[in-house]
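One-letter residues, chain by chain:
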Amino acid sequence: MNIHRSEHLYKEALDVIVGGVNSPSRSFRAVGGGAPIFMKKARGAYFWDEDGNRYIDYLAAFGPIILGHAHPAVTSAIMETAVNGVLYGTPTEKEVRFAQLLRRLIPSMEQIRFTNSGTEAVMTAIRLARAYTGRDKIIKFAGCYHGHSDLVLVAAGSGPSTLGIPDSAGIPASIAQEVITVPYNHPDALKEAIDAWGDQVAAVLVEPLVGNFGIVPPAPGFLEQVNEWAHQAGALVIYDEVITAFRFHYGGVQTLFNVEPDITALGKIIGGGLPIGAYGGKREIMEKVAPTGPMYQAGTMAGNPLSISAGMACIQTLSLPGTYERLDQMGKELCDAISMLAEKYGIPVTINRVGGAFTVYFTDQPVVDYQGAQAADGELFAQFFRLLLEEGVYLAPSKYEAWFLTTAHTDEDIQFTIRAVERAFKKMKPHH
Ligand code: PMP
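Going by an unreviewed UniProt entry, the chain carries the name Glutamate-1-semialdehyde 2,1-aminomutase and comes from Lihuaxuella thermophila. Entered under Catalytic activity (unreviewed entry) in the UniProt record, the comment concerning the chain runs "(S)-4-amino-5-oxopentanoate = 5-aminolevulinate". According to the UniProt record, the Cofactor (unreviewed entry) comment for the chain is "pyridoxal 5'-phosphate".

Encoded structure:
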């Protein structure tokens, strides 16, 4: 495969953009290094790189592109909006309608505030929990990534850890001290932390279904226990549904599992591919936010017409009958085939799948927490990643990211991918 232009652009990028990328998770460092592929255009389930190679996209831009690229409904919403001006710095009717729609689908978000990113949404949700409770500490789960604000970069998986950076430099020890980290899906560890620190904890922050060290569902009863123990201690529960909302179900994971947090953070899919975030929760808590209350948060671009229109078009399109059944059916077909082929070629894999999102971990052990995800074989994944790239199948360059199906993927794409996986497995050399 010719990637000369990507290599050339990468050289130029390295000079002017730090590390050559605008987000570390785009680098190929975790899969052997070298030039990442520079994409030129995308349509439906495919993108094309600068050298003209075509790839089936299972990255979906790390989640948001659930309708595939350049979906006509989203594109026209953006274009119709753009001609009337892209930013006013005033309220608009669209924001109200979109907030109403989101509240109807995720009723625990009685009041909502839009932000520009998932990072901002989670960062503010934490500030709000602190403002509401008058406490400082938060409990989070090891390996869960909640954006790059100071507090949550402690023991965050995805981004930092795939690069072998356990935490970030530049975070004051005084801030790290306010974060208690416990393993996901281990209620005993959570109970211990609550028993030790409970009266100082403002919130337990959790991905109700992990998307950031791969797809890891909560064990039965785990989320109920999070709620019960947090509330007994007088702490709030924050769900980070930046990756999960509208991914598995027309609503949040909370509406799918029938569990309710006090505050929810959203992002990704609700912007249809444009920058967005949102946080919301019980009215009594949200009333702490300025200008109603004493907790400050703002944004020049927050609720901008383009992001809101694109998000609205995306969410409305997802309501079409059969959307989630179709994603689930393609996910099942692909995962069944990958399992079968792995067995045939003696490759150790564990697949965690929920609907149209799944992770293929190169390990024969079950993965229920971050430790399990870390145990996946990075070398084997790097081989797999490179071989699939050659075949024209693009995965996230990390051993425990998810594959995301979109409504644009076809049965033919699935069959193409299965054949590519078989050729890759045939060439792979497991070293145990
Ligand atoms: N929370 C979760 C669960 C995420 O997956 C992400 C992004 N991967 C974020 C927060 C941060 O969102 P953003 O990149 O939009 O700041």
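**Q** So what's going on with the overall build of the chain? Which residues, and what values?
**A** Helix and strand counts for the chain come out as 15 helices and 14 strands. Against the globule reference of 22 Å for 432 residues, the chain gives a C-alpha radius of gyration of 21 Å, in line with a compact fold. With respect to the principal axes defined by its C-alpha atoms, the chain has extents near 60 × 55 × 45 Å. Taken across its 432 residues, the chain has 49% of its residues classed as buried. When contacts within the chain are restricted to residue pairs at least 6 apart in sequence, long-range pairs at least 24 apart make up 74% of them.

**Q** Which residues make up the UniProt feature "modified residue: N6-(pyridoxal phosphate)lysine" (unreviewed entry) in the chain, and what values go with them?
**A** In the numbering used here, UniProt assigns the feature "modified residue: N6-(pyridoxal phosphate)lysine" (unreviewed entry) to Lys268. With respect to the helices, strands and loops of the structure, lysine 268 is situated in the loop between β9 (263-267) and β10 (277-281). Ignoring anything within four residues of it in the chain, the contact list for lysine 268 reads Gly63, Pro64, Gly118, Val242 and Ile243.

**Q** Report on the packing of helix α14 (residues 378-391) against helix α15 (residues 411-427), specifying residues and quantitative values.
**A** The geometry of a pair of packed helices is captured by two quantities: the angle between their axes and the separation between those axes. Taken N-terminus to C-terminus, the directions of α14 and α15 make an angle of 135°; their axes are 9 Å apart at the nearest point. By the angle between their axes, α14 is oblique relative to α15. As for how α14 packs across α15, the hand of that crossing is right-handed. Along its contact with α14, which presents Phe384, Leu387, Leu388 and Glu391, the element α15 presents Ala420, Arg423, Ala424 and Lys427. Residues of the contact of α14 with α15, tallied by class, amount to 5 nonpolar, no polar and 3 charged.

**Q** So what about the site of the ligand? Which residues, and what values?
**A** Among the 16 residues in the neighbourhood of the ligand, the closest are listed as Ser117, Gly118, Thr119, Gly147 and Val242. A per-class count over the shell around the ligand returns 5 nonpolar, 9 polar and 2 charged.

**Q** Describe the domain arrangement of the chain, listing the residues and the values that go with them.
**A** We note that the domain assignment places domain 1 (4-70 + 321-427) and domain 2 (72-318) within the chain. The distance between the C-alpha centroids of domain 1 and domain 2 comes to 25 Å. Between domain 1 and domain 2, the residue contacts involve 31 residues of the former and 34 residues of the latter. Only α12 (323-345), β11 (350-354), β12 (357-361) and α13 (370-374) provide two or more residues apiece to the side of domain 1 that touches domain 2.

**Q** Report on the sheet that holds strand β7 (residues 201-206), specifying residues and quantitative values.
**A** The 7 strands are arranged β4-β10-β9-β8-β7-β5-β6 in an open sheet whose pairing can be described as mixed. Edge positions in the sheet fall to β4 (111-115) and β6 (179-182), since each of these pairs with one other strand and no more. Taken over all neighbouring pairs, the strand axes of this sheet differ in orientation by 20° on average, direction set aside. As paired elements, strand β8 (residues 236-240) and β9 share 3 bridges and run parallel to each other.

**Q** Which residues make up the confidence of the model for the chain, and what are the values?
**A** Mean pLDDT over the chain stands at 95; residues scoring 70 or higher make up 97%. Two summary scores accompany this predicted model of the complex, namely pTM at 0.96 and ipTM at 0.99.

**Q** Outline the pairing of strand β5 (residues 137-141), listing residues and values.
**A** Extensive coverage of β5 is indicated by the burial of 5 of its 5 residues. Because side chains alternate across β5, one face comprises the buried residues Lys137, Ile139 and Phe141, and the other comprises Ile138 and Lys140, equally buried. The sheet contact formed by β5 and β7 spans 3 bridges and is parallel. Paired with isoleucine 138 across the strands is alanine 203, a residue of β7.

**Q** Please set out the nonpolar core residue by residue, giving values where relevant.
**A** Residues Ala125, Ile126, Ala129, Ala203, Val204, Leu236 and Ile238 are the most contacted members of the largest nonpolar core, which totals 128 residues. Residue contributions to this core reach at least three from each of two domains, namely domain 1 (4-70 + 321-427) and domain 2 (72-318). The contacts of alanine 203, once residues within four sequence positions are left out, are Ile126, Ala129, Ile138, Ala235, Leu236, Val237 and Ile238.

**Q** Outline the packing of helix α2 (residues 72-82) against helix α11 (residues 305-318), supporting the account with residue identities and numerical values.
**A** At a closest axis distance of 8 Å, the pairing of α2 and α11 adopts a crossing angle of 150°. With respect to α11, the element α2 is oriented roughly antiparallel. In the packing of α2 onto α11, the handedness of the crossing is right-handed. Contacts between α2 and α11 involve Ala73, Val74, Ala77, Ile78, Thr81 and Ala82 from the former and Pro305, Leu306, Ser309, Ala310, Met312, Ala313, Cys314 and Thr317 from the latter. The residue inventory of the contact of α2 with α11, partitioned by class, reads 11 nonpolar, 3 polar and no charged.

**Q** Give a description of unusual backbone geometry that names residues and reports values.
**A** For residues that are not glycine, phi is negative in most cases, and the peptide bond is trans in most cases. Residue proline 291 is bonded to the preceding alanine 290 through a cis peptide linkage, with omega at 10°. Within the secondary structure, proline 291 is located in the loop between α10 (283-286) and α11. If you check the backbone angles, alanine 61 has positive phi at about 55° while not being a glycine. You can see alanine 61 is positioned in the loop between β3 (54-57) and α2. Phi at phenylalanine 62 takes a positive value of approximately 65°, unusual for a residue other than glycine.

**Q** Run through the environment of proline 294, naming residues and quoting values.
**A** Following the sequence through the fold, proline 294 ends up in the loop between α10 and α11. Counting along the chain gives 166 residues from proline 294 to leucine 128, while the straight-line C-alpha distance between them is 9.7 Å. Contact partners of proline 294, with chain neighbours within four places excluded, come to Ala131 and Lys288.

**Q** Which residues make up the sheet that holds β12, and what are the values?
**A** Reading across from one edge, β11-β12-β14 is the order of the 3 strands in this open sheet, with antiparallel pairing throughout. Two strands close off the open sheet at either side, each with one partner strand: β11 and β14 (403-404). Judged from the 5 bridges that link them, β11 and β12 form a sheet pairing that is antiparallel. Each bridged residue has a counterpart across the sheet, and for valine 354 the counterpart in β12 is alanine 357.

Parameters at a glance
- Residues numbered from 1 in each chain as written.
- Predicted model: local features only at pLDDT ≥ 70, side-chain atom pairs only at ≥ 80, totals over all residues.
- UniProt positions renumbered as here; feature names shortened; annotations may be inferred.
- Helix = DSSP H or I, 4+ residues; strand = E, 2+ residues; numbered from the N terminus.
- Rg over C-alpha atoms; globule rule 2.2 N^0.38 Å.
- Buried ≥ 20, exposed ≤ 12 C-beta atoms within 10 Å, placed from the backbone.
- Contact = placed C-beta atoms within 7 Å.
- Axes fitted to C-alpha atoms, helices over the stretch in contact; angles between N-to-C directions.
- Parallel < 35°, antiparallel > 145°, perpendicular 65-115°, else oblique.
- Left-handed = near helix turned anticlockwise from the far one by under 90°.
- Nonpolar A, V, L, I, M, F, W, Y, C, P; charged D, E, K, R; others polar.
- Near = placed C-beta within 6 Å.
- Domains from an automatic or database assignment.
- Pairing = 2+ DSSP bridges.
- pLDDT = per-residue confidence, 0-100.
- Core = buried A, V, L, I, M, F, W, Y, C linked by C-beta atoms within 7 Å.

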